[in-house]
Amino acid sequence: MANTKARIEQSFERSGHFFYRNPKKVLAVLFAFIALLAIQIPRTMVDTSAEALLHEDDPDRMDFNAFRDQFGRSEVVIIGAEAEDIFTPVFFERLRDLTLDLEENVPYVKEVTSLINIRNTRGESDELIVEDLTEEWPLTPEDFAALKKRVEQSPLYLNHVISKDLKTAAIIIETEAVVAEGQGDGDSFDAFEDGFSQADGTTPKLRYFSNLENIQVDEAVKEIVRRHQAKDFDLVYSGGPAVAVVFNKAVMDDTRLCMLLAIIANILLLALVFRRVSGVFYPTFIVLSSLLCTMGLFPLFGVPFKLTASIIPAFLVAVGVADSVHILAIFYRNLDAGASQEDAICHALGHSGLAIVMTSMTTAAGLLSFAMAELTALAELGIFAAMGVILALIFTLTMLPSMLALFPIKRAKTQGRRTMLMDRFLLFFARISTARPWIVVGVCMVLFVVPAFYLQTLVFSDNIVQYLPDGMEAKQNILDLDKRLDGVITVEAVVDFGHPEALYDPANMGKITEFCEKVHTFRLEGLHVGKIISLLDVVREINQALNENNPAYYTVPDTRQAIAQELLLFENSGADDLEKIVDTRFSKTRITIKAPWEDSVVYEAMIQHIRDAFQDVFGESASLTVTGETALMAKTIPAALRSMAKSYAIAFVVITVMMILLVGHVKTGVISMFPNLLPIVLVMGLIAFAGVKLNLNTLMIGSIAIGLVVDDTMHFMYNFRRFFDSGMDPQRAVRNTLLGTGRAMVITSLVLCAGFLVLLAASLSTSIQFGMFTALIILLALLADFTLAPALMVLLTQKEHRARVALQQSEEFHG
């Protein structure tokens, strides 16, 4: 093992000679590669939709796509219009103008529903009439009084297009679920009417409604709302798609801001540490190059930028500079000691090349442990962040020595006072850890066990509205409408009987009625069912209308023939509402469950309640699919938990194996993982004790952190074994290790902390928590590497050292 490591170190030294003698050629190739990837960045797309979190072949995503193909898009945009008295000529005229404006000028619009045009089913003699509510425009106070009475008596209207207190009218905008590539705005669906044929005779490529179209809809609706806003016509615009646009923008804004702050923080720290232009410019340029390349990989592979990926820029800026710091620290030390520039480069690569390769590989391994995650967003984060780490490593080992060779670097003036202060700091920890190693280990064991007890109390959460700042208008709007309309988001349940005309059967309709009643009873932590919209509404309305509009007949007929005839009459009336709730064979039906915006974790319990209610009522007589954006989001936390459990195990095993390979001792490699686990368990226990809820971002802290904090441990173990194997006693090996690599460990840890602490400037609470807790883990890990790691090494090598001393004494005695 020692011979192998020596040969690898020699190969790194030889590479230093190559880069020193061919810097321009190397840099030309690297710059061309960077430019090729950087020009891809403008094509980056952002997607924080629920389905984007899942793999394309995920069964739940496939069910959601099948739902969209059958019934259209489940998410809607909502505008609330508030007034003290809605039922006045002025209000209704404004509501009509707004409804028409939205229908004509919002791109990709499928339908706009309000009190102006919502379905009004009534009977006249023996005729069934299905028309808009204001087909006959109200003119007199008596007309408006009659209209108000009709609205109050309709179960369909309340908490749908008007609040229960009759003070807020809702305008519901439903967009198309599928768009045609290459088509623009509202004209995109001409392709559908023309049989999907373009002017040149080709068939346009179809895809599901995406964030790109959502932005266009959002901009158009906001502009229309601005035009119609008035003192006595107060408009509030929101809904799931509107929140998604705001959230996506916040993700990108935070990403840009934190990346900039991370770069500034790095520059300041590097300037403070190295006090050389080359020590600031070269690492910064390498980090930016790796970042540009990584960001360019997203559009190159056609992968949208998702919420979880928002941590990548700040992460790479922090992590990418660490490798350069280790190389530069050795380079400057040798250069200042009198070595030539070429020899200093070669020695730095030979000394730290293998160590930074191994540390970068452990960081990448921690990230790649996400690759098998159930959520594609986590898998992509792991893959692309790992590629960024590898790119930073490659650029450090190639670009850095080439740039160091390109221009002459002056030797620094003596920095004796600074060096002396740092040495005292490091020797302080060397004395503590080696003088009382058992006490250090015992204290650390207590610090491990106590927080571990609290891990079982960790609480999980996923609520993008709560991630937004409290003062943000979009957050206030969604919560306001949510309260007024008793819910603005939906869960979709599709009941499939598996045979034609099953929905004509009164027994099946009775089961649907019982199922809806059971679902309506759900209550948990502020989440409840605000309204259920289904085929039952249509059938009951028809039955009432055909029985002289008598509310007593707002029921489902008790014969198969009556149900079939009533639905046929409804279809023949010209109404197209059935297309949105049943299939053409009348074998399956859609049930829309409207509820307040709540945590996805709570929605998981609601969805289980829906499944249980279905099983109680239907048994094996039908199948159930629960879908929609909300249902998909409810899957994320359980899937993330399962993925994290796997990734933690994978990362721990892989990193432990790499540690063993680096230090060349199985026992040392395994035990050396304890200083890496301690800070993670300590911080996670602190999170649990403080009652902070873990979200999709903070769930990743453990897997990411273990790949980061192990870097300093590797450098410590690697150098400790070098000094110890050279014949030093454990105490002296610890002192020399800390005096040698300890400086770089301090610098890299501070750089990493700064890179994550800049996330405190983000607007989203998920990013703030991720940055704060990860930085805390890094600081605690550095402390563990300065105390626990040396103490463990002293205890582990004492016996070996005594045996070595005894052997030397024996040889001297017999010699």
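Predicted, not measured: the structure shown is a model, and the values here were computed from it.

Scoring rules and cut-offs
- Residues numbered from 1 in each chain as written.
- Predicted model: local features only at pLDDT ≥ 70, side-chain atom pairs only at ≥ 80, totals over all residues.
- Heavy atoms only, no water.
- Helix = DSSP H or I, 4+ residues; strand = E, 2+ residues; numbered from the N terminus.
- Patch = residues over 30% accessible without salt bridge, like charges linked within 9 Å, V, L, I, M, F, W, Y side chains within 5 Å.
- Areas by Shrake-Rupley, 256 points an atom, 1.4 Å probe, with all protein chains shown as cover.
- Salt bridge = Lys/Arg side-chain N within 4 Å of Asp/Glu carboxyl O.
- Lys, Arg positive; Asp, Glu negative; His and termini not counted.
- Charge placed at Lys NZ, Arg CZ, Asp CG, Glu CD.
- Contact = heavy atoms within 4.5 Å.
- Buried < 20%, exposed > 50% of the residue type's maximum accessible area, 1.4 Å probe, protein only.
- Polar contact = N/O pair within 3.5 Å; in protein donor to acceptor, adjacent residues only side chain to side chain.
- Core = buried A, V, L, I, M, F, W, Y, C linked by side-chain atoms within 4.5 Å.

(A) Representation of unusual backbone geometry in the model. In this structure, Tyr 108 is a non-glycine residue whose phi angle is positive, near 60 degrees. For Tyr 108, the location among the structural elements is in the loop between helix 4 (89–105) and strand 2 (109–113). One non-glycine residue, Asn 159, lies in positive phi territory at about 60 degrees. Take Asn 159: it is sitting in the loop between helix 5 (141–153) and strand 5 (168–175).

(B) Looking closely at a negative patch on the surface. A cluster of acidic side chains, namely Glu 103, Glu 104, Asp 132, Glu 135, Glu 136, Glu 142 and Asp 143, defines a negative patch on the protein surface. Among the secondary structure elements, those contributing two or more residues to the negative patch are helix 4 and helix 5. You can see Asp 143 is positioned in helix 5.

(C) Layout of the side chain of Ser 600. Relative to the assigned elements, Ser 600 resides in helix 20 (residues 600–618). Sequence-distant contacts of Ser 600, that is, excluding residues within four places in its chain, are made with Asp 462, Met 633 and Ala 634.

(D) Local environment of the pattern of salt bridges. A complete count under the given rule lists 27 salt bridges for this structure. In this structure, Arg 227 engages Glu 223 in a salt bridge whose closest nitrogen and oxygen atoms are separated by 4.0 Å. Taken together, the residues Arg 227 and Glu 223, both in helix 7 (residues 211–228) and four residues apart, mark about one turn of the helix. Among the residues examined, Arg 227 registers a relative accessible area of 46% and is labelled partly exposed. As a salt-bridge pair, Arg 276 and Asp 336 come within 2.8 Å of each other at their nearest N and O atoms. You can see Arg 276 sitting in the loop between helix 8 (240–274) and helix 9 (277–300) and its partner Asp 336 sitting in helix 10 (residues 312–336), a full 60 residues away along the chain. Residue Arg 276 is classed as buried on the basis of its relative accessible area, which comes to 12%. Overall, the relative accessible area of 34% leaves Asp 336 in the partly exposed class. It is possible to trace a salt-bridge network through shared partners that takes in Asp 101, Glu 223, Arg 226 and Arg 227.

(E) Main features of the side chain of Thr 737. For Thr 737, the position within the fold is in helix 25 (residues 730–757). At 2.6 Å, the side chain of Thr 737 and the backbone oxygen of Ala 733 are in polar contact. If sequence neighbours within four positions are ignored, Thr 737 has contacts with Phe 716, Asn 719, Phe 720, Phe 723 and Gly 742.

(F) Focus on the nonpolar core. Core analysis: the biggest nonpolar cluster contains 150 residues, and Phe 315, Phe 331, Ile 704, Phe 716 and Phe 756 have the highest contact counts within it. Here this core takes 16 residues from helix 12 (residues 376–406), the largest share from any one element. In contact with Phe 716, other than residues within four places in its own chain, are Val 734, Thr 737, Leu 738, Thr 741, Met 745, Asp 785, Ala 789, Pro 790 and Met 793. Listed in part, the 110 residues of the second largest apolar core include Ala 242, Ala 545, Ile 591 and Ala 634.

Any functional reading would require information that these geometric values do not contain.
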